[in-house]
Amino acid sequence: MQPIGRFAIDRTEVSVAAFRRFVAATGMVTMAERQGGGSVFEAGWVRKPGWTWRTPFGEPADEREPAVHVTFDEAAAYCRWARKRLPTDAEWLEAAHTERRVSPPAPFQTGATYLYPTGERPNGANCLRDCGPTPLALDRSTRISRGIGPARVGTTQSGVNGLYDMGANVWEWVSTAQGNERITRGGSWWYGAAQMRSDYRASKPPETAVVYLGFRCAQDRSS
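Predicted model, so just to flag it, every value in this text is computed and none were measured.

Reading guide: rules and limits
Residues numbered from 1 in each chain as written. Predicted model: local features only at pLDDT ≥ 70, side-chain atom pairs only at ≥ 80, totals over all residues. Heavy atoms only, no water. Buried < 20%, exposed > 50% of the residue type's maximum accessible area, 1.4 Å probe, protein only. Helix = DSSP H or I, 4+ residues; strand = E, 2+ residues; numbered from the N terminus. Contact = heavy atoms within 4.5 Å. Pairing = 2+ DSSP bridges. Axes fitted to C-alpha atoms, helices over the stretch in contact; angles between N-to-C directions. Phe/Tyr/Trp six-rings, centres within 6.5 Å; stacked < 30°, edge-to-face > 60°. Lys NZ or Arg CZ within 6 Å of the ring centre and 35° of its normal. Polar contact = N/O pair within 3.5 Å; in protein donor to acceptor, adjacent residues only side chain to side chain. Salt bridge = Lys/Arg side-chain N within 4 Å of Asp/Glu carboxyl O. Core = buried A, V, L, I, M, F, W, Y, C linked by side-chain atoms within 4.5 Å.

Caption draft 1: Region of interest: helix H4 (residues 89-97). Burial within H4 is extensive, with 7 of its 9 residues counted as buried. Looking only at H4, the buried set comprises Asp89, Glu91, Trp92, Leu93, Ala95, Ala96 and His97. Residues of H4 that are buried make contact with strand S1 (2-4), strand S2 (7-9), strand S5 (171-178), strand S6 (181-185) and strand S9 (218-220).

Caption draft 2: View of the sheet that holds S2. Across the sheet, which stays open at both edges, the 3 strands sit in the order S1-S2-S9 with antiparallel pairing between neighbours. The sheet terminates laterally at S1 and S9, the two strands that pair on one side only. Between one strand axis and the next, the sheet turns through 30 degrees on average, direction left out of account. Each of S1, S2 and S9 is contacted by H4, which is oriented at about 65 degrees to S2, the strand it contacts most.

Caption draft 3: Looking closely at the packing of aromatic side chains. Tallied over the full model, the rule gives 20 aromatic pairs. Relative to tyrosine 78, the ring of phenylalanine 22 has its centre 5.5 Å away and its plane inclined at 75 degrees; by these criteria the two rings are edge-to-face. Taken together, the positions of phenylalanine 22 in helix H1 (residues 16-26) and tyrosine 78 in helix H3 (residues 72-81) put the pair 56 residues apart, joining distant regions of the chain. Using a relative accessible area of 2% as the deciding quantity, one classes phenylalanine 22 as buried. Arranged with centres 5.7 Å apart and planes meeting at 75 degrees, the rings of phenylalanine 72 and tryptophan 173 form a pair that is edge-to-face. Taken together, the residues phenylalanine 72 in helix H3 and tryptophan 173 in strand S5 connect sequence positions 101 residues apart. Pair check on accessibility: phenylalanine 72 and tryptophan 173 agree, each one buried. These aromatic residues form a ring-pair network of at least three members: Phe41, Trp45, Trp51, Phe57, Trp171, Trp189, Trp190, Tyr191, Tyr200 and Tyr212. Above the plane of the ring of tryptophan 51 lies lysine 48, whose end atom (NZ or CZ) is 5.3 Å from the centre.

Caption draft 4: Representation of the side chain of arginine 216 in the model. With respect to the helices and strands, arginine 216 occurs in the loop between strand S8 (213-214) and S9. A distance of 3.0 Å separates a polar atom in the side chain of arginine 216 from the backbone oxygen of aspartate 10. Within the structure, the side chain of arginine 216 is placed 3.1 Å from the backbone oxygen of arginine 11, a separation counted as a polar contact.

Caption draft 5: Inspection of the pattern of salt bridges at higher detail. According to the stated counting rule, one finds 14 salt bridges in the structure shown. Where glutamate 172 meets arginine 216, a salt bridge forms, and the shortest distance between an N and an O atom there is 2.8 Å. Here glutamate 172 is found in strand S5, whereas its partner arginine 216 is found in the loop between S8 and S9, with 44 residues between them in sequence. Its relative accessible area of 0% is what places glutamate 172 among the buried residues. Ionic contacts of the salt-bridge type, sharing partners, join the residues Arg85, Glu91 and Asp220 into one network.

Caption draft 6: Seen up close, H3. Most of H3 is tucked away, with 7 of its 10 residues classed as buried. Residues of H3 that are buried include every one of Phe72, Glu74, Ala75, Ala76, Ala77, Tyr78 and Cys79, and no others. For H3, the elements touching its buried residues are H1, helix H2 (31-34), S5 and S6. Just past H3, the residue arginine 83 takes up positive phi, approximately 60 degrees.

Caption draft 7: Geometry of the nonpolar core. Judged by nonpolar contacts, the single largest core of 35 residues is most densely connected at Phe19, Tyr78, Leu86, Trp189 and Phe215. Elements supplying a minimum of two residues to this core: H1, H3 and S5. For this core, the element with the most residues is H3, which contributes 6 residues. Excluding anything up to four places from it in sequence, phenylalanine 215 contacts Glu13, Val14, Phe19, Val70, Ala75, Tyr78, Cys79, Leu86, Trp171, Glu172 and Trp173. By size, the runner-up hydrophobic cluster in this structure holds 12 residues, among which are Ile4, Ile9, Trp92 and Ile183.

Caption draft 8: Structural detail: the environment of glutamate 94. Topologically, glutamate 94 is positioned in helix H4. Sequence-wise, glutamate 94 and glycine 5 are 89 residues apart; in three dimensions their C-alpha atoms are separated by 9.7 Å. Not counting residues up to four positions away in its chain, the partners in contact with glutamate 94 are Ile4, Phe7, Arg100 and Asn161.

These figures come from the coordinates and say nothing about function on their own.
If you want it as structure tokens, here you go:
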């Protein structure tokens, strides 16, 4: 985990391998599994038979790709099991956009706030079209109508605070509510760079289980 003041946050999104350990320990059966599959947007939301965290595109997952087709409550349950919690929206934004390391590598500067989680530019993130080349993305393009697919966690270029994929790869649940929904942050491989910015706020019903939405956890630190 990466310390950010009074809290710490996972350096990567939760992987399929990590979620598998949680399921083995708790017996969790996700909503997507119970309903026969999660969803993807085509001409509207479409449930895809067999698409779950185990088989996110209808075929066995790479163990290092981010766990998706996971609802808000399921993500929160994983974090509790790991003795952590979902980050708040404010925590997520601070970690993603404001550099808190004492001696960060160039070009990052302590205390600076950046437009993107990757820095001043979105280059290096696994997003749609305008983040530069993303050769590390797992090619799932034959299974979807848009984009290529996710990258394995921890393989793209690290950004602010040394974190991976706070911008793009997959959307991430945070604990903060917006009406009856929960905020999601960071954009994904389905979208371009605009969704990575801090001024782009999205939210989804907490029971949402889709192919481009995952999560990471946070933890309190003693003062």
